[in-house]
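This is what each chain is made of:
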Amino acid sequence: MSNKRSDLEIVQGDIEVLHLGNLKTVEFDIHLPTEGKNGSKITWVSKDDRWIDGSGKVHQPEYGKGDRVVPITATFQYGESSLQKIFEVKILEEKNKIQVEKVFPIVIKQEVNKEFYLPSAVSIRTASGDVLAHSVTWNGGEHRCFSEVGEQKAAGYLTDTLYEVEAVIFIESKVESKSKKAPQLHGISTQKVHLEGPSLLKSAQNRRLQFLLTVNDDQMLYNFRKAASLDTLNAPAMIGWDSDESLLKGHTTGHYLSALALCYASTGNERIHQKLAYLVDELNKVQLAFEADDRYHYGFLSAYSEEQFDLLEVYTRYPEIWAPYYTLHKILAGLLDSYHIAGIELALAIADKVGDWIYNRLSVLPHEQLKKMWGLYIAGEFGGINESLAELFTYTQKEHHIAAAKLFDNDRLFFPMEQQVDALGAMHANQHIPQIVGAFKIFEATGEQKYYDIAKFFWESVVNAHIYSIGGTGEGEMFKQPHKIGTHLTEHTAETCASYNLLKLTKQLYVYENDAKYMDYYERTMLNHILSSTDHECLGASTYFMPTSPGGQKGYDEENSCCHGTGLENHFKYAEAIFFEDVDSLYVNLFVPAALNDEGKGLQVVQSVPEIFNGEVEIHIETLTRTNLRVRIPYWHQGEITTFVNHTKVNTIEENGYLVLSQEWNKGDQVTMKFTPRLRLEHTPDKADIASLAFGPYILAAVSDQKDYFKLPLNQGNLPEKFERVANSNRFIFKDLHLEFAPLAELNHEHYHLYIKTK
């Protein structure tokens, strides 16, 4: 009888004796053997190379990002036998090694005998000069109430450090919290403004309309029906971030609801409205099915069970759960758009119950628990659900809906803005921008000044110090330190979702501020980032990041990522900010071929802009009952403005960034304005030798797959001699190298350089 062990026995024996040590608290690289005791060959594959790779190299999550449990799979091979074993490795987050140079003053005003909470995070500057938000632990907890007027103090320390902090609290008999601010302008519904062709914007909108018409609505409902134990009608499963194994199921369907509503408003396509009405009807059935199931609480609606919400409340980390309130926000926002934009009443009834569910769930949780939940990396991300709840309140007037919106106040973001400190560095850009959009919506619903101030300072901080030339922000999804742009030109810059939300905030502020600078930013970002983010093949795909590195290339997501979701909406929003009005003026802000037709208000005009851009804008008037026509003087204009009314040159005045024409208008009047666009360089604030080339509103990209920066001998004075315009196009040639520069939005799969080095 032979004692020779079989291949399988050798493999099994090696699996049994393999010991990797303590895998529950890993802080250093671990040894992953490549050979077993009995000679098996062992290969290793990690499920997430970000934290540990197949060689055992460990990368600890940054402090504050939480521990990670990562499965690594060992494959044992000997002869003809092969078996696998999975080991779970818990990688601890880095210790807090921060060195603090300064804690910014913590000054608080509160009314006497009024309960409040101290901020759970404050602004600091590190020894290396970085400005950040850092959590605080207060002696005696965050809750306070003072019964006497006067100055009070509170002591604490920066969490997980020995650095002490002190808050100065002024207790006053009365603190005025309400704002006297009122809207100075009124937006005009996209149902009254339609894009005209030919233009890149109209083409993008048409492609997205064609795509929406092909979407399988039952597939969009698949996860919802499955979660509620309803018939899925043999629909195919969703893909990507909505696939069966994903924990973010349902978010794309929310975006799809919004996209259909926006599309209907922009195009009037009745088939689109029918699709939207069908989805709302079916989601109502899903909500009713949850309601009839005693495992769920009243008002619940989701594409998965309540388990993720339960786990969040015991501080479960990503990736075990994935942002349940973020997903719910997309669904709630889609329902509200279906109601407000497309007029579907049932959508509001569903949303009303969702709002009740959120309040009923969160209002019973302690303040400290909520703050800790929202501070969890990714797991606690909640999108702009505070925006949707504040909007819901404006329709329902249920006080608990606006109370629910405020339960999402995020001190780590909000309090530095109250301190007037840009502490955005190291924050996830698109996790926090929607929260500011929500803060503004709370201001609109309640008139509370602090929310307005937070939103305005945030916008100023981002736009003045954190944007690329195309208007996008963030590298690797993260805000960097202020003015660090040239330092962060990579393949993973300018997440499309971030610009989508920044434009929402920009429009909100513009209505109250009536300052042309908001529309300067809006134009920059809409034409250079949003318009550039869509595929040209009618696949409904969108860029996630917009590469700014040399030789970058757009990649288009079809897999239901977040930017795929916002990308479904983006191209139906172009008409939102072209025109605004007040009691005596029509404002023209964006130079887009479009027709405004609002007979009820006496506003019927058509704006024409040549596709081959030369700075000329024509406005044809059918009816204009406002005395003043105010046209934004764009930031890119250089020189004199020539204005004609009915082909006769007229004098105009410039007022607050607008060209103002005042007269009684008649049917058939034609206004022509000739602005002067010239080539210009826009340098990065931190790298004086790195710049984008621009012409008028367009950022121009050099078309090349070269991976090194082009070093071109350019300065503002020699651009006219160094470039020639390609006939009948918006493109230019750098003559020395015969290098073509094109508006980024015209490029599809070509490699390009958004930035060059100038000698």
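Provided above is the structure to which this section pertains.
This is a predicted model, so every value here is computed, not measured.

Asker: An account of the environment of K330 is needed here, citing residue identities and associated values.
Answerer: Checked against the element boundaries, K330 lands in helix α7 (residues 324-340). Given a relative accessible area of 9%, K330 falls into the buried group. For the pair K330 and G383, spaced 53 residues apart in sequence, the C-alpha separation works out to 7.9 Å. Discounting chain neighbours no more than four positions away, the residues touching K330 are H251, G254 and H255.

Asker: Describe in detail the layout of surface pockets, supporting the description with residues and values.
Answerer: Over the atoms rolls a probe the size of a water molecule, and its path tells where empty space is left. Roughly 1,600 Å³ of internal volume is contained in the second largest pocket. Along the wall of the second largest pocket there are 43 residues; nearest its centre are Q110, F116, E418, E448 and K450. Breaking the lining of the second largest pocket down by element, the ones donating at least two residues are β5 (106-111), β6 (116-117), α9 (367-374), α11 (399-406), α12 (411-418) and α14 (449-465). Among the elements that line the lining of the second largest pocket, the one with the most residues is β5, at six residues.

Asker: Tell me what's going on with the sheet that holds strand β7 (residues 121-126), and back it up with residues and numbers.
Answerer: The mixed open sheet is built from six strands, whose spatial order is β4-β7-β8-β10-β11-β5. Only two strands of the sheet have a single partner each, and these edge strands are β4 (100-103) and β5. Shown here is a sheet whose adjacent strand axes are inclined to one another by a mean of 45°, direction ignored. The pairing of β7 with strand β8 (residues 131-138) spans five bridges and is antiparallel. By the bridge assignment for β8, I124 is matched with L132.

Asker: Could you give an account of the packing of helix α4 (residues 251-267) against helix α5 (residues 270-291), with specific residues and numbers?
Answerer: At their nearest, the axes of α4 and α5 sit 9 Å apart, and the two run at 145° to each other. Between α4 and α5 the crossing geometry is left-handed. Here α4 contributes Y256, L257, L260, A261, C263 and Y264 to the contact with α5, which in turn contributes E270, I272, H273, K275, L276, L279, V280 and L283. The residue inventory of the contact of α4 with α5, partitioned by class, reads eleven nonpolar, one polar and two charged.

Asker: Account for the sheet that holds strand β24 (residues 653-655), with residues named and values stated.
Answerer: Reading across from one edge, β12-β16-β17-β21-β25-β24 is the order of the six strands in this open sheet, with mixed pairing throughout. The sheet is open, and its two edges are formed by β12 (186-187) and β24, each paired on a single side. Lying over the sheet, helix α16 (residues 516-530) contacts β16 (579-581), β21 (628-632) and β25 (658-662), oriented at roughly 55° with respect to β21.

Asker: Got a sec to walk through helix α10 (residues 385-396)? Specific residues and values, please.
Answerer: Helix length check: α10 (twelve residues) gives 16 Å between terminal C-alpha atoms against 16 Å at 1.5 Å per residue, within 8%. Most of α10 sits out of view: nine of its twelve residues are buried. Turning to α10, its buried residues are I385, N386, E387, S388, L389, A390, E391, L392 and F393. Contact partners of the buried residues in α10: α7, α8 (345-362), α11, α12, α13 (429-446) and α15 (496-513). Immediately beyond the C-terminal end of α10, within one or two residues, lies Q397, with a positive phi of roughly 60°.

Asker: Tell me about the packing of aromatic side chains, and name the residues and values.
Answerer: Counted by the stated rule, this structure contains 41 aromatic pairs. Note on F300 and F309: the rings are 6.0 Å apart at their centroids and 90° apart in plane angle, and the pair reads as edge-to-face. Looking at F300, the relative accessible area reads 1%, which means it is buried. Seen from their ring centres, Y452 and Y512 are 6.0 Å apart, and the 65° between their planes marks the pair as edge-to-face. Placement of Y452 in helix α14 and of Y512 in helix α15 is noted, with a sequence separation of 60 residues between them. Owing to a relative accessible area of 7%, Y512 belongs among the buried residues under this scheme.

Asker: I'd love a proper account of empty space enclosed by the protein, names of residues and values included.
Answerer: A full pass over the atoms with the stated rule returns one cavity of 30 Å³ or more. Of the volumes computed, that of the largest cavity is approximately 60 Å³. For the lining of the largest cavity, the residue count by class is five nonpolar, four polar and three charged.

Asker: Residues and numbers for unusual backbone geometry, please.
Answerer: A cis geometry characterises the amide bond from G197 onward to P198, with omega recorded as -5°. Its location among the elements puts P198 in the loop between β13 (193-195) and α2 (200-214). At the junction of Y318 and P319, the peptide bond is cis and its omega measures out at 10° in the coordinates. Within the element layout of this structure, P319 appears in the loop between α6 (307-312) and α7. Positioned with a positive phi, N234 is a non-glycine residue whose angle comes to about 60°. The backbone of N656 sits at a positive phi, close to 55°, despite the residue not being glycine. Within the secondary structure, N656 sits in the loop between β24 and β25.

Asker: Help me get a handle on α11, residues and values and all.
Answerer: Three or more residues of α11 are buried, namely H401, I402, A404 and A405. Buried positions in α11, seen along its axis, are confined to an arc of 150° and lie on one side of it. Along its buried surface, α11 packs onto α8, α10 and α13.

Asker: Can you tell me about the nonpolar core, naming the residues and giving the values?
Answerer: Counting 190 residues, the largest nonpolar core has Y325, I358 and F458 as its most contacted members. Sequence-distant contacts of I358, that is, excluding residues within four places in its chain, are made with L328, L332, I385, L389, A404 and F408.

Asker: Let's hear about the state of the cysteines: which residues, and what values?
Answerer: Inspection of every chain in the model, using the stated rule, returns zero disulfides. Of all cysteine sulfurs, the one in C563 lies closest to C497, which takes part in no disulfide; the gap is 3.5 Å. Relative accessible area serves as the criterion here: at 1%, C497 is assigned to the buried category. The structure places no disulfide on C538, whose sulfur is separated from the nearest cysteine sulfur, that of C263, by 11 Å. Note on C538: relative accessible area 24%, which makes it partly exposed.

Asker: Give me the packing of α12 against α14: which residues, what numbers.
Answerer: Working note: a packed helix pair is described by the angle between its axes plus the distance between those axes. Interhelical geometry of α12 versus α14 gives an angle of 85° and a closest axis separation of 8 Å. Relative to α14, α12 is oriented roughly perpendicular. Facing L413, F414, M417 and E418 of α12, the residues of α14 in contact are K450, Y451, I454, F457 and F458. Of the residues that constitute the contact of α12 with α14, the class distribution is seven nonpolar, no polar and two charged.

Cut-offs and rules
- Residues numbered from 1 in each chain as written.
- Predicted model: local features only at pLDDT ≥ 70, side-chain atom pairs only at ≥ 80, totals over all residues.
- Heavy atoms only, no water.
- Helix = DSSP H or I, 4+ residues; strand = E, 2+ residues; numbered from the N terminus.
- Buried < 20%, exposed > 50% of the residue type's maximum accessible area, 1.4 Å probe, protein only.
- Contact = heavy atoms within 4.5 Å.
- 1 Å grid on protein atoms, 1.4 Å probe; cavity = no way out; pocket = protein on both sides within 12 Å on 5 of 7 lines; lining within 4 Å.
- Points joined across faces, edges and corners; volume = space filled by probe spheres on them.
- Pairing = 2+ DSSP bridges.
- Axes fitted to C-alpha atoms, helices over the stretch in contact; angles between N-to-C directions.
- Left-handed = near helix turned anticlockwise from the far one by under 90°.
- Nonpolar A, V, L, I, M, F, W, Y, C, P; charged D, E, K, R; others polar.
- Expected span 1.5 Å × (residues − 1).
- Phe/Tyr/Trp six-rings, centres within 6.5 Å; stacked < 30°, edge-to-face > 60°.
- Arc of directions from axis to C-beta.
- Core = buried A, V, L, I, M, F, W, Y, C linked by side-chain atoms within 4.5 Å.
- Disulfide = S-S within 2.5 Å.
- Parallel < 35°, antiparallel > 145°, perpendicular 65-115°, else oblique.

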